[in-house]
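# Working through the structure, step by step
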Amino acid sequence: MEKILYKKNIEKKSNCNIWCAFPACYSFAMSSLGYLWIFKSMDEDENINVERIYSDTINTKFSVTDIDAICFSFSFDMDFINIFKMLEKYNIPILSKQRDENCPIIFGGGPVLTANPMPYKSFFDFIVIGDGEIINTKATQIISEMKGHSKQQILNKISEIDGIFVPSANQKKVKKNTIKINECVYTPILSDEAFFKNMFIMEISRGCANCCNFCIASYLNLPVRFAPFENIIKTIDLGLEHTNKIALLGAQVSIHPRFKQICEYIYNKIKQRPEIEMSISSLRVDAVDDIIIKTLAAGHQKHVTIAIEAGSERLRKIINKNITEEQIFKTVETIRKNGLKGVKIYAMIGIPTETQHDLDEIITLAKNLKKSNKGFDISFAFSSFVPKPNTPLQWCGRIPTLELEKKQQFLKKEFHKIGIKASFSSIKWDYWQTVLSRGDENFEDFLIDVYKNGAKLGAFKKAAKNRFNPDDYAIRTYTIDEDLPWDIIELNPGKNILKERYKTIFEG
Ligand code: SF4
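Residues numbered from 1 in each chain as written. Predicted model: local features only at pLDDT ≥ 70, side-chain atom pairs only at ≥ 80, totals over all residues.

### Quick notes on the packing of helix α9 (residues 259–272) against helix α10 (residues 290–298)
What counts, and what does not: A fitted line through C-alpha atoms represents every axis, and for helices the fit uses only the stretch in contact; the resulting angles, taken between N-to-C directions, go from 0 to 180 degrees. Only DSSP runs of H or I with at least four residues qualify as helices, and only runs of E with at least two residues qualify as strands; both kinds are numbered from the N terminus onward. For classification purposes, an angle smaller than 35 degrees is called roughly parallel, one larger than 145 roughly antiparallel, one from 65 to 115 roughly perpendicular, and anything else oblique. Should the near helix be turned anticlockwise from the far one by less than a right angle, the crossing is termed left-handed; should it be turned clockwise, right-handed. Residue pairs qualify as contacts under a 7 Å threshold applied to their C-beta atoms, which are placed from the backbone.
Contact pair α9 / α10: the axes reach a minimum separation of 9 Å and the direction vectors enclose 30 degrees. Judged by the inter-axis angle, α9 sits roughly parallel to α10. Like other packed secondary-structure pairs, α9 and α10 cross with a definite hand, here left-handed. Residues Lys260, Cys263, Glu264, Ile266, Tyr267 and Ile270 of α9 form the contact with α10, whose participating residues are Ile291, Ile292, Lys294, Thr295 and Ala298.

This is the structure in structure tokens:
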């Protein structure tokens, strides 16, 4: 069952119909704040009728022949698989050049497309770069107003909107769209079949000013913006009118200048209503304090995640994660003393310049944390470094897969010896994630082949064979002056600032 938290206009007179599509099943869609908020902003527009569809949708109110446009959310590299699947399900050709005037306009937005739209440019008629909530509706208004015009005429008009990339329009640069955050974005529809059942999620900050050199969540969303405190309080009250589950979201929620007061407010609410559950995704080590953890403990959260990224201070400096070992110890102690059951520590292997010494340091750190926090549930989660476009480490290639697998084996053995749980991402999948991240406009047939061959690891290898050497995308370190496929996207800060940062890391 769904509960709609905004005023729905059920008597729209529009004849423009849009599908707002999520490339995964219903339960995931209903836990995706960005997707639901975009849907709400379209649904509130008088000029369009909008319906949600998912990868597991069976029936729809509109038939595909009545649909003028489909908007896809694209948050994860592998989302293209379900996007292709959904297009085929409705008999829509995957490639935009094969779609005629009778086919709906297909567009997309989300972090993957904002960071580097080039591998996907043949599949979308237009792509929203950056914050979607306002320009999405500007674009759909054009689609509605120009109904009856040719697709190219509509797309030419849409290409005039700042922050929209129209592959057929010959644009030289597309500037990322950045909006002011005047209100707190929240889950506008609660569902008891959502992955996070009836969870009211609130975005209290967008972006992160810490600018760790690998972090796409930070660089894609600069400048960092905060929802106003008074509005956050109002939104908490709205959520708690409808559910007992509340979650705070943001690349780094704890950097909100009034984060402590937000926690205090929620803490007092929980005191009056102990059934309230509160959660947050992860905390920055240097921002953890008693009231934050007390609120989480009172709100029934058992564990919290902190990201240290690297075991040695030297490596943390390389990636601009300037936290000291002392801060890590103090944070774990604060978490333990204030009533949580455990902490999950997130780190990466394969960061540029990493040596065996850095790996040894992470083992020592883990051992010492265990010794000082007896009986406390400490676990580690490791992924491997993936260079992301539009970050200062975008030029760095990955360490070869075999070498990374050896590092991973070493850590697995050592963590087993010291009796601390550790989980590891798949090095091979991280490799292909890098290929996709740093991909270019020649990926059209490769991506279609991956999809047609089942999208498992073998499918990637097979699809790349005879087309390109994937090491050129994953392993090769790019020279600082070469053109990059995603140069068409203009972020804030621009490429020159990223270059300066890169030079400071590697050239001193
Ligand atoms: S603190 Fe976290 S969210 Fe912020 S830049 Fe660093 S890794 Fe990204």
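From this point, things continue past the structure.
### Describing the pairing of strand β5 (residues 105–109)
The criterion, for reference: Exposure classes come from backbone-placed C-beta atoms, where a residue is buried if 20 or more other C-beta atoms lie within 10 Å of its own, exposed if 12 or fewer do, and partly exposed in between. Strands pair, by our definition, only if DSSP identifies at least two bridges between them. A clockwise path from the first strand over the helix to the second, with the strands pointing away from the viewer, defines a right-handed crossover.
Of all five residues in β5, five are buried, a share of seventy percent or more. Neither face of β5 is open: one carries Ile105, Phe107 and Gly109, the other Ile106 and Gly108, and all of them are buried. In this sheet, β5 lies alongside strand β4 (residues 69–73) in parallel orientation, the contact comprising five bridges. The partner of phenylalanine 72 across the bridge, within β5, is glycine 108. Each parallel crossover has a hand, and the one from β4 via helix α3 (residues 79–89) to β5 is right-handed.

### Observations concerning the domain arrangement of the chain
Interface size is often expressed as the accessible area that is lost when the parts come together. For clarity, the cut-off: These domain boundaries are the output of an automatic or database domain assignment.
Partitioning the chain into domains gives domain 1 (2–175) and domain 2 (342–488). Each of domain 1 and domain 2 was reduced to a C-alpha centroid, and the two centroids are 31 Å apart. Counting residues at the interface gives 13 residues for domain 1, matched by 18 residues for domain 2. The leading source of residues in the side of domain 1 that touches domain 2 is α3, at three residues.

### Describing α3
Of the positions making up α3, those classed as buried are Asp79, Phe80, Asn82, Ile83, Phe84, Met86 and Leu87. Its buried side turned inward, α3 meets β2 (17–21), β4, α4 (111–115) and α16 (444–452).

### Thoughts on the site of the ligand
Put simply, the rule reads: By convention here, the C-beta atom is placed from the backbone, and a residue is near a molecule or strand when that atom is within 6 Å of it. Note that Gly is not counted as nonpolar here; it falls among the polar residues with everything else outside the nonpolar set of Ala, Val, Leu, Ile, Met, Phe, Trp, Tyr, Cys and Pro and the charged set of Asp, Glu, Lys and Arg.
In the vicinity of the ligand, the residues found are Cys208, Asn210, Cys211, Cys212, Cys215, Ala217, Ser218, Ala251, Gln252, Arg284, Ala307 and Lys321. Considered class by class, the residues forming the shell around the ligand number seven nonpolar, three polar and two charged.

### A word on the sheet that holds strand β14 (residues 245–249)
With mixed pairing, the four strands of this open sheet are ordered in space as β9-β11-β14-β15. Whereas interior strands pair on both sides, the edge strands pair on one side only; in this sheet they are β9 (185–186) and β15 (277–280). Sheet topology places β14 next to β15; four bridges connect them, and they run parallel. Counterpart to alanine 247 in the pairing with β15 is serine 279.

### Regarding unusual backbone geometry
The step from leucine 222 to proline 223 runs through a cis peptide bond, and the omega angle for that step is -5 degrees. You can see proline 223 is positioned in the loop between α7 (216–219) and β13 (225–226). Its identity as a non-glycine residue notwithstanding, threonine 353 has a phi of 75 degrees, on the positive side. Relative to the helices and strands, threonine 353 resides in the loop between β17 (342–349) and α13 (356–372). By the C-beta count within 10 Å, which is 12 here, threonine 353 ends up exposed. The phi torsion at alanine 455 lies on the positive side, around 60 degrees, for a residue other than glycine.

### Brief notes about the environment of lysine 176
Mapped onto the elements of the fold, lysine 176 is located in the loop between β8 (174–175) and β9. Residue classification places lysine 176 among the buried positions, given that 20 C-beta atoms sit within 10 Å. The spacing of lysine 176 and asparagine 221 is 45 residues in sequence and 9.3 Å in space, taken between C-alpha atoms. When neighbours within four sequence positions are excluded, lysine 176 is seen to be in contact with Thr114, Ile129, Gly130, Gly163, Ile489, Glu490, Leu491 and Asn492.

### Notes on the environment of asparagine 9
Mapped onto the elements, asparagine 9 comes out in the loop between β1 (2–4) and β2. Its 12 C-beta neighbours within 10 Å are what place asparagine 9 among the exposed residues. Linking asparagine 9 and glutamate 44, residues 35 residues apart in sequence, is a C-alpha distance of 7.0 Å.

### Overview of the packing of helix α14 (residues 401–418) against helix α15 (residues 427–437)
Taken N-terminus to C-terminus, the directions of α14 and α15 make an angle of 140 degrees; their axes are 10 Å apart at the nearest point. The angle between the axes of α14 and α15 places the two elements in the oblique class. Handedness of the crossing formed by α14 with α15: right-handed. For the pair α14 and α15, the contacting residues are Thr401, Leu404, Glu405 and Gln408 in the first and Ile427, Lys428 and Tyr431 in the second.

### Details of helix α12 (residues 325–337)
Quick reminder of the rule: Here, expected helix span is obtained from the residue count minus one, scaled by 1.5 Å. Along the arc lie the directions from the helix axis toward the C-beta atoms.
Look at α12: 18 Å from first C-alpha to last across 13 residues, which is about the 18 Å you get at 1.5 Å a residue. Of the positions making up α12, those classed as buried are Ile328, Thr331, Val332, Ile335 and Arg336. Seen along its axis, α12 keeps its buried residues to an arc of 130 degrees; they face one direction. Along its buried surface, α12 packs onto α10, β16 (303–309), β17 and α13. Once α12 finishes, glycine 339 follows within two positions and takes phi at roughly 100 degrees, a positive value.

### What to know about the sheet that holds strand β6 (residues 126–128)
If you walk across this open sheet you meet the six strands as β3-β2-β4-β5-β6-β7, and the pairing is mixed. With partners counted over all chains shown, the strands left at the sheet margins are β3 (49–53) and β7 (164–165), one partner each.

### With respect to the nonpolar core
This is how the line gets drawn: Defined on buried residues, the nonpolar core groups Ala, Val, Leu, Ile, Met, Phe, Trp, Tyr and Cys residues joined through C-beta atoms within 7 Å.
Counting 143 residues, the largest nonpolar core has Ile18, Cys20, Ala21, Phe107, Phe126, Ile164 and Met202 as its most contacted members. Composition of this core by domain shows at least three residues from each of domain 1 (2–175) and domain 2 (342–488). Once residues within four sequence positions are removed from consideration, isoleucine 18 is found in contact with Met42, Ile48, Val50, Asp68, Ala69, Cys71 and Thr140.

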